[in-house]
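# Understanding the architecture of this molecule
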Amino acid sequence: MARTIDLAIPDQSGRLAVVTGASDGIGLVIATRLAGAGAEVIMPVRDAAKGERAAGRIRDRVPGVKVSTRALDLSSLDSVTSIVDRLVEEGRPINLLINNAGVMTPPSRQVTADGFELQFGTNHVGHFALTLGLLPLLRQGRARVTHQTSVAARSGAINWDDLDWERGYDARKAYAQSKIAVGLFAHELDRRSAAAGWGISSNLAHPGVSPTNLLAAQPGMGRRRDTSSVRLIRVLSRLGLTGTVESAALPALLAATGPGARGSEFYGPRRRGGLGGAPARQDLWAPLRDPDDARRLWDVSEALVGARFPV
């Protein structure tokens, strides 16, 4: 039986939080906990009906909370542009942005609406564009931006010569690349904010291993049944050998709200191997450490999203 692990969330009253991927799993836990601490929460979602059901669950659990959804498909830069335009028009400073949404290892190579390999395009490029588009509101809110990476980023590298894996596609290596990119972006955003005086802090978290829907049946991705991996993770989670969905949300919550959390820091489960356990600050994994890689990725990403999201 898994031991209950929790984290005290500081009062978030009067703060506006935007949480991607909040319609289920870890993102829903993050959004619920922030709402319970007093934050107003915006949930950008791809599936409007699923998003409204999730928002309803938060309202049931936290009476009187302000929670709303907005349409966002991170695999489409047009969709990112639409939500950015809407939020900028609303004009409300954002205090917390948690880039949590993601996709993982489709059974065959797929591309986004803009032609990027699906995992790189969704997990990194979509969030990169969203964050850059929201920079005016993030600066006004002196925001904390927390990015969600994965234990897959402990090894691997950016495939600089073929970012979209058009040759020799390997779903797991492409997933690792996307999550390495998330980590490099997190640190470069913090560095650039400090250099330019944007007032934004940016840090990184990983959830360990938990029984989320990333590896479950997802017909839209061509996965018609649960993978053997997610079935095993569910068993291990029940035995307390990996995290639960609730405990897996805690590193990002600590990174986003912890009184001692700072920009460029890295948080994850403290148990050996990072599979589960209480959240704690951690040493940065080797693929995420190179500042030259981080600068190069930023420049490449700016070129990929074009002029629609200027800094």
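Residues numbered from 1 in each chain as written. Predicted model: local features only at pLDDT ≥ 70, side-chain atom pairs only at ≥ 80, totals over all residues. Heavy atoms only, no water.

## Here we look at the sheet that holds strand β2 (residues 40–45)
Using the following cut-off: DSSP-based pairing: two strands are paired if at least 2 bridges between them are found. Numbering of helices and strands runs from the N terminus, with a helix taken as a DSSP run of H or I at least four residues long and a strand as a DSSP run of E at least two residues long. Angular values range over 0 to 180 degrees, each being the angle between N-to-C directions of two axes fitted as lines to C-alpha atoms, with helices fitted over their stretch in contact. Residues count as neighbours in contact if any of their non-hydrogen atoms are within 4.5 Å of one another.
Pairing is mixed in the open sheet, where eight strands are placed in the order β3-β2-β1-β4-β5-β6-β7-β8. This sheet does not close on itself; its edge strands, each paired only once, are β3 (67–71) and β8 (279–281). Along the sheet, successive strands turn relative to each other by an average axial angle of 20 degrees, direction set aside. Both β2 and β3 contribute to a ladder of five bridges, which runs parallel. In the strand pairing of β3, V45 is matched with A71. Here helix α3 (residues 77–90) sits on the sheet in contact with β2 and β3, set at roughly 135 degrees to β3. Along the sheet, helix α9 (residues 250–257) makes contact with β4 (96–99), β5 (144–148), β6 (201–205), β7 (266–269) and β8, crossing β5 at roughly 160 degrees.

## Quick look at the pattern of salt bridges
Put simply, the rule reads: Salt bridge, as used here, is a side-chain nitrogen of Lys or Arg placed within 4 Å of a carboxyl oxygen of Asp or Glu. Buried, partly exposed and exposed residues are distinguished by accessible area as a fraction of the type maximum, computed with a 1.4 Å probe on protein chains only: under 20%, between the cut-offs, and over 50%, respectively.
Counting across every chain of the model gives 10 salt bridges. Close ionic contact of D6 with R33 constitutes a salt bridge, the shortest N to O distance being 2.8 Å. Here D6 is found in the segment before β1 (16–19), whereas its partner R33 is found in helix α1 (residues 25–36), with 27 residues between them in sequence. According to the relative accessible area criterion, R33 is partly exposed, its value standing at 23%. Ionic pairing is found between E188 and R192, a salt bridge with its closest N-O pair at 2.7 Å. Here E188 pairs with R192, and both are found in helix α6 (residues 171–196), just four residues apart, close to one helical turn. We classify E188 as buried; its relative accessible area is 2%.

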